Amino acid sequence: MVKNLAIGTGRRKTAVARVFVREGSGKIVVNGKDAKEYFDTDEQMQMIRQPLLVTSNDNKYDIMINVIGGGRNGQAAACLHGISRALIQIDQDSRTALKSNGYLTRDSRMVERKKYGQKGARRRFQFSKR
């Protein structure tokens, strides 16, 4: 039985990440795959590692992430948010470093909903004078 040290929920747009932090050697697993295998670009991998590097915990913990919704970039940002929130549960002193870098702020920008009688959220149907 593996004991979780902390659990954090991260969100961005429509992506939601549940993060489980355990004692370990710095392995990150996303949806059952290795993080390098799951995320396409190096920027996304670096984004996920940022909270660990800022708090100098990069090889202390194993991280298990379940992420759903959104695209890969949104999922990476949700993982960053979740990892940051989980690290605070373990060590309250790391809060200032994470907050000053903006990792605790939930990016709430969402796609605006489509309105009835219109082509999109703001786009109207073409107006015909005659």
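Quantities reported herein were computed from a predicted structural model and do not represent experimental measurements. (Residues numbered from 1 in each chain as written. Predicted model: local features only at pLDDT ≥ 70, side-chain atom pairs only at ≥ 80, totals over all residues. Heavy atoms only, no water.)

Draft legend 1. Up close: the nonpolar core. Ile-28, Val-30, Ile-63, Ile-65 and Ile-83 are the most contacted members of the largest nonpolar core, which has 28 residues in total. For this core, the secondary-structure elements that each account for two or more residues are strand 2 (15–23), strand 3 (28–30), helix 1 (35–38), helix 2 (42–54), strand 5 (61–68) and helix 3 (72–90). Excluding residues that lie within four positions of it along the chain, Ile-83 makes contacts with Val-19, Ile-48, Pro-51, Leu-52, Ile-63 and Ile-65. (Core = buried A, V, L, I, M, F, W, Y, C linked by side-chain atoms within 4.5 Å. Buried < 20%, exposed > 50% of the residue type's maximum accessible area, 1.4 Å probe, protein only. Helix = DSSP H or I, 4+ residues; strand = E, 2+ residues; numbered from the N terminus. Contact = heavy atoms within 4.5 Å.)

Draft legend 2. Here's a closer look at the sheet that holds strand 1 (residues 4–12). With respect to topology, 5 strands assemble into an open sheet ordered 1-2-5-3-4, the strand pairing being mixed. Bordering the open sheet on either side are strand 1 and strand 4 (33–34), each of which pairs with just one other strand. The sheet contact formed by strand 3 and strand 5 spans 3 bridges and is parallel. The partner of Val-30 across the bridge, within strand 5, is Ile-65. Sheet strands touched by helix 3: strand 1, strand 2 and strand 5. Its angle to strand 1, the strand with the most contacts, is close to 145°. (Pairing = 2+ DSSP bridges. Axes fitted to C-alpha atoms, helices over the stretch in contact; angles between N-to-C directions.)

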